[in-house]
Amino acid sequence: MAKGRGRGVRAVLLLALIAVVALAATGVWNPFPRVWDWVDRSEPIAEPDVVWQQRIGGTPKSVTIAGETVVVEQRTRVEARALATGGQLWERKADWAAVAGADRNAVVVVGKLLVKGYEVLDPTTGVTRRRDDDAVAVWTYRNLLLDARCVQPTDCTLSAWDPRGTKPLWTAFLPGVGSGLFADNPGLRGTRRLTAQRLDEEMAGPEPVPPLLGFPVDGRVHVVDTATGSVLQNVEPGREERLSVVGGRLLRIAARSQDDNCYFAISGVDPATGRETWRRAGINLRTADKAGCVQREDPQGARNVLIGVAPDARETVLDGYDGRLLWVGADGEKLLAVDDRYALVRAADRRSILGRGLAAERTLWTRPAGGKAGATLTPHAAVIADEKPSRLIALDPRTGRELAALRTSANALAVGPAGMVIGEGREIGYVRFGSQADGGPDPSSGDGVPGPGPGGSAPAPGGGDDDCGPKRELCPDGTSG
């Protein structure tokens, strides 16, 4: 009796399934998309929940907030999504993509590997604003776009463009751009950023163009003034030297091997005159390995500052313009992030992170953090990635005021004036900051960092009124102190 009842139930279920399939096939009623949506629904990547969360086609290579859009670069394509909703605006095939400009002036530059040329796209519509068929390399900045094109391997032209401009601002001749300089943002002779797990190296978006850039060509460094396009120097390093261009100076970094040790000396040169403007000895900029003190790396730093290690093993921050020591750490302190205005430091007890002002030379705030926490600085927020529990915290870098705090194992991918994009695998989401921190950077005024001055000069960081920032970049007149 029970066996017959069981067969009857199975028969009814089979007939019901056949009826549902028939209804779906005729278009009368189809429950399967909704069922699949329920099965495929993503778990929230953060707690509290993000403003929006979307699954993209592949793991992102880079994410940039460009005005009211989020530009996502993937392995073979680039797409843009609305910052407000996360909805896709457009998608294009591309081997590389980068953002130039900022806010409403932003554009997306795309191209193909080993193919000359690039396209400049509108970030909202994806429409091509300008097309180039000859350039071999492109450099993107917050206030400038540079490209290089070569008639012959030793006959190249460097051109500067306003991100949305249609005519070059200036052009300069270079005797080649080097075999490794191609696609977007190939390495120049500058500084290396400090990095941390779960914090994307490019999360701050495009930086303002430095006053001077150093192009490596055939073992020499050509120093170009980005305000005028003048090539100020064409320098070959000495046998024990490495050249770097930081803060409006050409740095000659010497590392000499003696008594099984490396002895360092740094000098800053004014490229316009060739005159040495400052010199320091004994600071290790971490450019050399242990094999004979051969310098294979650029110094660590950001914008106009350098990171070094003093002879007593304490970390230091130097002004690239005049060589001043802007910060010297206490025993056991570890520098996590730095820019022209602030430094984030892990305390010697490994239980907290300190926010330091380079102009005020004092601790601005202290925040508890684990011994393995990483941190980074962007124009709009300081971001900390902590472990056990996994968290992402965004703070006002000046006051330490909390802008966002998430319990999440996701990575911080991009930071903008009003929030940040986080991601885990193919899932990305947008987190909106709280109200603008008192005294913090005003999102409507850009990132608070001045562009290059005439003749490639750079105002010295750390030398202005604390309320205005070390370069007076937050003052109404915008003049340098």
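First, a word on scope: everything that follows refers to the structure included in this document. None of these values were measured; they are calculated from a predicted model.

Before going further, it helps to spend a moment on the overall build of the chain. Scanning the chain from terminus to terminus reveals 2 helices and 36 strands. Looking at the chain residue by residue over its 481 residues, the buried ones come to 48%. Relative to all contacts within the chain whose residues are 6 or more apart in sequence, the contacts with residues 24 or more apart total 46%. As displayed, the chain offers around 22,700 Å² of accessible surface, 50% of which is attributable to carbon and sulfur atoms.

The next point concerns the side chain of Glu315. Of note, Glu315 is situated in strand β24 (residues 315-319). Taking relative accessible area as the criterion, Glu315 reaches 5% and is therefore assigned buried. Separated by 2.5 Å, the side chain of Glu315 and the backbone nitrogen of Leu335 make a polar contact. Other than its neighbours up to four places away in sequence, Glu315 contacts Arg286, Gly308, Val309, Trp327, Val328, Gly329, Glu333, Lys334 and Leu335.

Taking strand neighbours across the sheet as the criterion, the 4 strands line up as β18-β19-β20-β21 in an open arrangement whose pairing is antiparallel. Because the sheet does not close on itself, it has two edges, and the strands there are β18 (241-246) and β21 (275-281). Here the average twist between neighbouring strands, direction ignored, is 25°. As paired strands, strand β19 (residues 249-258) and strand β20 (residues 261-270) are joined by 9 bridges and run antiparallel to one another. Paired with Ser257 across the bridge in β20 is Cys262.

Right, let's talk about the state of the cysteines for a bit. Simply put, the disulfide is a covalent bond whose two ends are the sulfur atoms of two cysteines. Counted under the stated rule, the structure contains 2 disulfides. Paired by a disulfide, Cys150 and Cys156 hold their sulfur atoms 2.0 Å apart. Across the S-S bond of Cys150 and Cys156 the torsion is about 105°, and the bridge reads as right-handed. Each sulfur of the disulfide joining Cys262 and Cys293 lies 1.8 Å from the other. Residues Cys262 and Cys293 are joined through a disulfide that is left-handed, its torsion about the S-S bond being -105°. Taken as a pair, Cys262 in strand β20 and Cys293 in the loop between β21 and β22 (301-302) lie far apart in primary sequence, 31 residues in all. For Cys293, a relative accessible area of 5% corresponds to the buried category.

A few words now on the environment of Arg192. Here Arg192 lies in the loop between β14 (183-184) and β15 (212-217). Separated by 107 residues in sequence, Arg192 and Pro299 have C-alpha atoms that sit 6.0 Å apart. At 3.1 Å, the side chain of Arg192 forms a polar contact with the backbone oxygen of Arg286. From its side chain, Arg192 meets the backbone oxygen of Asp298 in a polar contact 2.6 Å long.

As for its placement among the helices and strands, Gly374 is situated in strand β30 (residues 374-377). Along the backbone, Gly374 and Ile384 are 10 residues apart, and their C-alpha atoms lie at a distance of 5.7 Å. With residues up to four places along the chain from it excluded, the contact list for Gly374 reads Ala196, Leu199, Val383, Ile384 and Ala385.

The rules behind the values
Residues numbered from 1 in each chain as written. Predicted model: local features only at pLDDT ≥ 70, side-chain atom pairs only at ≥ 80, totals over all residues. Heavy atoms only, no water. Helix = DSSP H or I, 4+ residues; strand = E, 2+ residues; numbered from the N terminus. Buried < 20%, exposed > 50% of the residue type's maximum accessible area, 1.4 Å probe, protein only. Contact = heavy atoms within 4.5 Å. Areas by Shrake-Rupley, 256 points an atom, 1.4 Å probe, with all protein chains shown as cover. Polar contact = N/O pair within 3.5 Å; in protein donor to acceptor, adjacent residues only side chain to side chain. Pairing = 2+ DSSP bridges. Axes fitted to C-alpha atoms, helices over the stretch in contact; angles between N-to-C directions. Disulfide = S-S within 2.5 Å.

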